[in-house]
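Structural characterization, general
Given next are the chains, with one letter for each unit.
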Amino acid sequence: MTSSDILAGLNEQQVEAVTAGEGPVLVLAGPGSGKTRVLTHRIAYLIEKHGVRPWHIMAVTFTNKAAREMENRIVGLLGDSGKIDGLSIGTFHATCARILRREADFTPPFSSSYTIFDTADQLAAMKRALADLNLDPKKNTPNSMLSRVSAVKNELLGPGDVAANDYRAEIFQRVYEHYNSLLRASNARDFDDLLMHTVLLFRNHPDVLERYQRRYPFILVDEFQDTNIAQYTLVGQLVAHHRNLFAVGDPDQSIYAFRGADHRNVQRFRQDFPDTQTILLEQNYRSHQAILDAAMGVIDRNPGRIRKQLFSKDTEGPLLVLKEAYNEDNEAQFIIDTIIDLTNRGEYGMGDFAIMYRTNAQSRALEEAFLRAGIPYRLVGATRFYARREVKDVLAFLRLIHNPSDIVSLQRVINLPPRGIGQKTQQTLDAWAQELDVTSGEALLYLLDEDPEDAPFSGRSRSTLARFAELLRSWLEQRDTLTPVELLSLVLEDTAYLNYLDDGSADGQSRVENVLELRGVASGYDGLDLTTFLEEVSLVADTDTRDDDTQAPTLLTLHSAKGLEFPVVFITGLEEGVLPHSRSIEAVEESADSSAIQEERRLLYVGITRTEQRLYMLYTFRRSLYGYSDTNRPSRFLYDIPESVFEYSDLRQRGQATTDARAYREMTTWAQTTTPRPPRSSKTKPARFKAGTVVWHKKYGEGVVVGSRARGDIEEVNVLFPGGSGEKTIMADFLKPVDQD
DNA sequence: GGCTCATATTTTTTT
DNA sequence: AATATGAGCC
């Protein structure tokens, strides 16, 4: 293969980017402009044309999935997988995790067998930290403390660097300090530590940094707009010497500010490297013009950005559909009907559809509808396999074996299945360990091995502890001779964990199956050690490795849609309070900070621009959220989309009437003129309908009111319909009293 | 110490 | 709606 083959099919700007000389290169690209393609071609180009050895290249992506895809594409370009041997492609976190493991000598007290704490582990550690400090977890909630810790870690601030100028700040500082020390004692790092500790390692050990600079003279970063301070600093350290940084990104697609991403890093990059070549990729190869017009309508309302004129050669394409559904079930049904219709016409296969939503909770109604319709679907993310209790339990056993100091894992499994080690005993153990200045796991082994006279346990709890310690001891002895899957099987056998799970319920059965599936995963690590297995499992939390080839509609959040594209896209829940999310609306109302709303806008922009051909946007009149059903107004963003892009739209820009049935029309008009969530204190209007009244409903006909509840402006009426329909709960606006003359 | 039931609290998005 | 914590009882 020659280099001209690698450049085949690229446009002028793309070629310019791929063949750019060495030194800093920044590719600013719009959606669908092939920026990931440019990145992969660049790698292939460096290897093929410049003779760069693949092990001299480090490419950093945002998700594991993107990394895999990129790898496949490069192999496709080079035609031989052997040509990329040693190429390092992965996420920031995975890359850092590996560096920290390899350089453990420079990062005491962490050893190379350190544990990675995921969100749930962090929460457990934080709860413990708050308890240790005698702080009220109701006043300082573990979650809020964790998000603050995460925020400062992303800015590379240690406990000594955060302000402690008032009482609350001082509390936070102490919590942060103690939380960190708990992690340190457990030989554990959280996700943010992976980045921060790597930066600190390089800062404190220039010789180590230099080794990595020499090792990776070519650094490429995808989705650069989503880097946070720590990641930006890390990149800066690695390229400081050779300056071969190739970064691609789109500030309009920055949707991770909530975890510290700062799209201003794009500007910062140009300041820090004044000789940066900036290359713009503007032409869109994914969508047709109407979709781009809709996308621009949404994003152009964001202030302070460089406006991009998105254009496509594809000027003809199906116009968009904006549909109002009554509730989430109708919304789902509309989607199902549309999918069936489009596939019946032979235009699309089942794998061509994507259904996107703001929050994972919204997937439920959709899943139920798909199940009812008997259509298989692919669900991305959501109930993550590795977040399941039973999977976490089994992994906690393995992690404890891997690292007996891990207090969070120990706490998780010490009484699992219940073996008589209750809270009281655990507290005593912790206190005793503290006295001995060791971790609880070590104390446990000490109890077994030394059988000390002065251990503060009753006879019974001492013997149960010793029995568990024996288990742990025997596992530790076999740790280095068994493969991960053998070790896992041994644990299951020794603890009878599967028996404990299998309580006869269907739920228990599926839990057993999940554990068996985990065992299946582990068996893929036969030649590898436990450390590698646990590290990958902590960092590859994607479920989408399975079912990748099944041809079925994909359900996913707008966030996880980034980087993907689909012929037909449904964006659901386009309502105030959902998109934009109520939290973001609150942020604006409370502090006049519109950045959260701007991010929601970008999120919708990302969703719209995933579409190749057909885009359906949906909002509902009524939606159940947090167990409460409430009415919503259409999203403010919808009003920014030019009406001309729609083939069909239910949205009345100026409130004018449509041809819908009158009762329904009254209701929607009402919906637009009322606030979505009346405060609890708002006056409840008197009920309009009393029991016994005869009423008429569009669908069910005549019925008799049996009861009515009013709350705020909403009145719901129970109506008994003769003739099979039975009793229904109906919005008052749907009903008209029937004159009894 | 452990189990069951009742109450509270929660959900934004991900490595 | 689903899960986490807490009280009360065995």
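Calculation criteria
- Residues numbered from 1 in each chain as written.
- Chains lettered and ligands numbered in written order.
- Predicted model: local features only at pLDDT ≥ 70, side-chain atom pairs only at ≥ 80, totals over all residues.
- Heavy atoms only, no water.
- Patch = residues over 30% accessible without salt bridge, like charges linked within 9 Å, V, L, I, M, F, W, Y side chains within 5 Å.
- Areas by Shrake-Rupley, 256 points an atom, 1.4 Å probe, with all protein chains shown as cover.
- Salt bridge = Lys/Arg side-chain N within 4 Å of Asp/Glu carboxyl O.
- Buried < 20%, exposed > 50% of the residue type's maximum accessible area, 1.4 Å probe, protein only.
- Near = heavy atom within 4 Å.
- Polar contact = N/O pair within 3.5 Å; in protein donor to acceptor, adjacent residues only side chain to side chain.
- Nonpolar A, V, L, I, M, F, W, Y, C, P; charged D, E, K, R; others polar.
- Helix = DSSP H or I, 4+ residues; strand = E, 2+ residues; numbered from the N terminus.
- Pairing = 2+ DSSP bridges.
- Axes fitted to C-alpha atoms, helices over the stretch in contact; angles between N-to-C directions.
- Contact = heavy atoms within 4.5 Å.
- Phe/Tyr/Trp six-rings, centres within 6.5 Å; stacked < 30°, edge-to-face > 60°.

Taken together, the side chains of Leu436, Val438 and Tyr446 present a nonpolar region at the surface, about 220 Å² in accessible area. A relative accessible area of 34% places Leu436 in the partly exposed class.

In the neighbourhood of DNA strand B, 27 residues make up the surrounding shell, with Arg358, Gly420, Gly422, Lys424 and Thr425 lying closest. The share of sugar and phosphate among atoms of DNA strand B within 4 Å of the protein is 62%. Residue His559 places a side-chain N or O atom 3.4 Å away from a base oxygen belonging to DNA strand B. One of the side-chain N or O atoms of His581 is found 3.4 Å from a sugar or linking oxygen in DNA strand B. Partitioning the surface near DNA strand B into residue classes produces 6 nonpolar, 14 polar and 7 charged.

For the rest of this paragraph, the subject is the pattern of salt bridges. Taken as a whole and assessed by the stated rule, the structure comprises 40 salt bridges. Here Glu565 and Arg286 are joined by a salt bridge, their closest N and O atoms 2.6 Å apart. Of this pair, Glu565 sits in the loop between strand S14 (554–557) and strand S15 (566–571) while Arg286 sits in the loop between strand S9 (283–284) and helix H13 (289–299), and the two are 279 residues apart along the sequence. Residue classification places Glu565 among the partly exposed residues on the basis of a relative accessible area of 41%. Its salt-bridge partner being Arg399, residue Asp406 comes within 3.7 Å of it at the nearest N-O pair. As far as burial versus exposure is concerned, Asp406 and Arg399 are alike and both buried.

The 6 strands are arranged S3-S2-S6-S7-S1-S8 in an open sheet whose pairing can be described as parallel. With partners counted over all chains shown, the strands left at the sheet margins are strand S3 (88–91) and strand S8 (277–281), one partner each. Put simply, the sheet's adjacent strands are angled 15° from each other on average, direction ignored. Bridge count for strand S1 (residues 25–29) against strand S7 (residues 245–249) is 4 bridges, and the pairing is parallel. Residue pairing across strands places Leu26 opposite Ala247, the latter belonging to S7. In the packing of helix H4 (residues 64–78) onto the sheet, the strands contacted are strand S2 (57–61) and S3, and the crossing angle to S3 comes to about 155°.

With respect to the secondary-structure elements, Thr19 resides in the loop between helix H2 (12–18) and S1. Taking the C-alpha atoms as reference points, Thr19 and Ala169, 150 residues apart in sequence, are found 51 Å from one another. Apart from residues no more than four positions distant in its own chain, Thr19 is found in contact with Leu7, Arg42 and Tyr45.

As enumerated under the stated definition, the model contains 19 aromatic pairs in all. Geometrically, the ring pair formed by Trp432 and Phe457 is edge-to-face, given 5.6 Å between the ring centres and 80° between the ring planes. With Trp432 in helix H18 (residues 423–436) and Phe457 in the loop between helix H19 (440–450) and helix H20 (459–478), this pair connects stretches of sequence that are 25 residues apart. The same class applies to Trp432 as to Phe457, namely buried. Their ring planes at 20° and their centres at 4.9 Å tell us that Phe570 and Tyr616 sit as a pair that is stacked. Linking Phe570 in strand S15 with Tyr616 in strand S16 (residues 611–620), this pair joins segments that are 46 residues apart in sequence. Since its relative accessible area comes to 0%, Phe570 is described here as buried. Accessibility expressed as a relative area gives 9% for Tyr616, which makes it buried.

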